[in-house]
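# What the coordinates show
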Amino acid sequence: MLTIAISAFFITLLFKMGPAYFQFWQVRSAMDELLEQPQLGKQGPRALISAIEKQLYINEVRTVKGDSFSVKSTKDGKGLEVTADYVVQQHIGANVDALMHFNYSVVVPKKPQS
């Protein structure tokens with residue numbers, strides 16, 4: 001009986017928390033696609049965030065908004081570091097919630113590499 005209860009608990013966690021991790025993988029994928037579009041580095045921060053938002057919209061990710069992303073220049077000035085940093089709170093049951101913090105960064109060069 002204990003084995004069934006523990007199994008049920010972990011299956012519940014999987015079904016409750018799994019979608020948030022799946023969306024994070026889609027966010028990472030959208031950010032990695034920026035590296036395949038080197039012209040975006042010349043266009044600036046707004047173009048980078050707009051490209052991510054468009055890809056997330058196509059992928060049906062509606063919970064991660066543009067304000068979850070930040071863009072800053074790298075220390076050497078040769079690129080733009082795009083960072084996704086957001087928190088997802090998922091209700092598990094009764095008065096228990098799971099708090100998941102997601103963070104991922106990529107560096108997009110300002111000049112296309114030859």
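Read on for an overview of the structure. (Residues numbered from 1 in each chain as written. Predicted model: local features only at pLDDT ≥ 70, side-chain atom pairs only at ≥ 80, totals over all residues. Heavy atoms only, no water.)

Quick look at the environment of N59 now. By secondary structure assignment, the location of N59 is in the loop between α3 (45–58) and β1 (69–73). It is 9.0 Å that separates the C-alpha atoms of N59 and A30, two residues lying 29 residues apart in sequence. (Helix = DSSP H or I, 4+ residues; strand = E, 2+ residues; numbered from the N terminus.)

This paragraph deals with the sheet that holds strand β3 (residues 96–109). Strand pairing in a sheet takes place through backbone hydrogen bonds and is either antiparallel or parallel in direction. Strand order in the open sheet made by the three strands is β1-β2-β3, with antiparallel pairing throughout. Only two strands of the sheet have a single partner each, and these edge strands are β1 and β3. The mean angle between the axes of side-by-side strands here comes to 20 degrees, regardless of whether they run parallel or antiparallel. In the packing of helix α1 (residues 2–33) onto the sheet, contacts are made with β1, β2 (79–93) and β3, and the angle to β3 comes to roughly 10 degrees. (Pairing = 2+ DSSP bridges. Axes fitted to C-alpha atoms, helices over the stretch in contact; angles between N-to-C directions. Contact = heavy atoms within 4.5 Å.)

Inspection of the secondary structure puts T83 in strand β2. For the pair formed by T83 and P109, sequence separation is 26 residues and the distance between their alpha carbons is 14 Å. Residues contacting T83, with those up to four places away along its chain left out, are M31, S68, F69, S70, N103, Y104 and S105. At 2.9 Å, the side chain of T83 and the side chain of S105 are in polar contact. (Polar contact = N/O pair within 3.5 Å; in protein donor to acceptor, adjacent residues only side chain to side chain.)

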